[in-house]
Amino acid sequence: VATTKDEAKKHRYRQKISEYMTRAEDIKKHIEKEKQDGKYHKQIRIEENATGFGYEKLFQEYLSEIVSEVWVEDPYIRHVHQLYNFLRFCELLVKGPCKVKTIHLLTSYDEGSGRSQQISGLEEIQQSLRNYGVTLNIAFSSSIHDREIRFNNGWMIKIGRGLDYFKKPQGRFSIGYCDFDLRPCHETTVDVFHTKHTKKM
């Protein structure tokens, strides 16, 4: 508009801008209404070998400053790489902008010889979080199947493969080993919902 001298064009541009702004507001109101009604649903499809889906990419927009409590249900926080996945997720929560004070983890015991390693790893994460003023409550269930993450601002994220949707890196010194945005993924689906009241474990 500023660079156009033609008044008719200026008028058309202003009309279009007004239409787009109104449409954006309408969409915003629609999403807000769906959130209030508990009907909001967004689905993200992660294709096989896709990259660019680190935890920040998936979760950051839902971690508003009012988030203080998080529930994680995932039966597969057992093996070393899965413990690291959970640790990486906890690091995201510690960094903010949310002010998380409590994390509830519900998982299942390792059925093989790795149970002691699983427990000691989780206890180490628990102690480390305590140093940042965050309490980690750990519970185990033999019947858990669902994988979901809930925040106390009403957002709930269900990932088909839980936090373990990254492929094994090609080597310890290969690109994507440290930065999960560069790590190829297994195919999975992410469903995002908003509910007024998140249930507690």
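Everything numeric in this text was worked out from a predicted model, so none of it was measured. (Residues numbered from 1 in each chain as written. Predicted model: local features only at pLDDT ≥ 70, side-chain atom pairs only at ≥ 80, totals over all residues. Heavy atoms only, no water.)

Caption draft 1: Structural view of the nonpolar core. With 41 residues, the main nonpolar core has Phe59, Val70, Phe86, Phe89, Ile103, Phe151 and Tyr165 as its most contacted residues. With six residues, the top contributor of residues to this core is helix α3 (residues 80-95). Ignoring anything within four residues of it in the chain, the contact list for phenylalanine 89 reads Tyr55, Phe59, Val70, Val72, Ile149, Phe151 and Leu163. (Core = buried A, V, L, I, M, F, W, Y, C linked by side-chain atoms within 4.5 Å. Buried < 20%, exposed > 50% of the residue type's maximum accessible area, 1.4 Å probe, protein only. Helix = DSSP H or I, 4+ residues; strand = E, 2+ residues; numbered from the N terminus. Contact = heavy atoms within 4.5 Å.)

Caption draft 2: Summary view of empty space enclosed by the protein. This model, assessed by the stated rule, comprises one cavity of 30 Å³ or more. Volume-wise, the largest cavity comes out at about 40 Å³. Among the secondary structure elements, those contributing two or more residues to the lining of the largest cavity are β2 (69-73), β5 (148-151) and β6 (155-159). (1 Å grid on protein atoms, 1.4 Å probe; cavity = no way out; pocket = protein on both sides within 12 Å on 5 of 7 lines; lining within 4 Å. Points joined across faces, edges and corners; volume = space filled by probe spheres on them.)

Caption draft 3: Molecular detail of unusual backbone geometry. The amide bond that connects glycine 96 to the next residue, proline 97, takes the cis arrangement and shows omega of 15°. Within the fold, proline 97 resides in the loop between α3 and β3 (102-107). One non-glycine residue with positive phi stands out, namely asparagine 49, at about 70°. Note that asparagine 49 resides in the loop between β1 (41-46) and α2 (55-59).

Caption draft 4: The UniProt feature "domain: MITD1 C-terminal phospholipase D-like" (unreviewed entry) in the chain, seen in detail. UniProt marks residues 52-194 with the feature "domain: MITD1 C-terminal phospholipase D-like" (unreviewed entry), using the numbering shown here. In residues 52-194, the share of helix is 26% and the share of strand is 23%. The end C-alpha atoms are 24 Å apart. (UniProt positions renumbered as here; feature names shortened; annotations may be inferred.)

Caption draft 5: Layout of the sheet that holds β2. In space, the seven strands of this open sheet follow the order β1-β7-β6-β5-β2-β3-β4, with mixed pairing throughout. Sheet topology places β1 and β4 (135-140) at the edges, where each strand pairs with a single neighbour. With direction set aside, neighbouring strand axes in the sheet form an average angle of 15°. Sheet topology note: the β3/β4 ladder contains six bridges and is parallel. For histidine 104, the partnering residue across the bridge sits in β4 and is asparagine 137. The strands touched by helix α4 (residues 115-130) within the sheet are β3 and β4, with β4 carrying the most contacts at an inclination of about 160°. (Pairing = 2+ DSSP bridges. Axes fitted to C-alpha atoms, helices over the stretch in contact; angles between N-to-C directions.)

Caption draft 6: Just the packing of aromatic side chains, in detail. In the structure shown here, the tally under the stated rule is 12 aromatic pairs. Note that arginine 88 overlies the ring of phenylalanine 180, its terminal NZ or CZ placed 3.8 Å from the centroid. A cation over an aromatic ring shows up here: arginine 115 above the ring of tyrosine 109, its NZ or CZ 4.3 Å from the ring centre. (Phe/Tyr/Trp six-rings, centres within 6.5 Å; stacked < 30°, edge-to-face > 60°. Lys NZ or Arg CZ within 6 Å of the ring centre and 35° of its normal.)

Caption draft 7: Fine view of the pattern of salt bridges. Counted according to the given criterion, the structure contains eight salt bridges. The residue lysine 16 makes a salt bridge to glutamate 19 at a minimum N-O spacing of 3.6 Å. Pair noted here: lysine 16 and glutamate 19 are both in helix α1 (residues 7-37), with a separation of three residues, about one helical turn. For lysine 16, a relative accessible area of 44% puts it in the partly exposed group. Here glutamate 148 makes a salt bridge to arginine 150, at a shortest N to O gap of 2.4 Å. (Salt bridge = Lys/Arg side-chain N within 4 Å of Asp/Glu carboxyl O.)

Caption draft 8: Structural detail: the layout of surface pockets. By volume, the largest pocket is sized at about 430 Å³. Together, 16 residues line the largest pocket, and His81, Tyr84, Tyr177, Phe180 and Arg183 are the ones closest to its centre. Looking at side-chain class alone, the lining of the largest pocket contains eight nonpolar, two polar and six charged residues. In this structure, the second largest pocket encloses a volume near 360 Å³. What lines the second largest pocket is a set of 16 residues, among which Leu87, Gly121, Glu124, Ile125 and Ser128 lie closest to the centre. (Nonpolar A, V, L, I, M, F, W, Y, C, P; charged D, E, K, R; others polar.)

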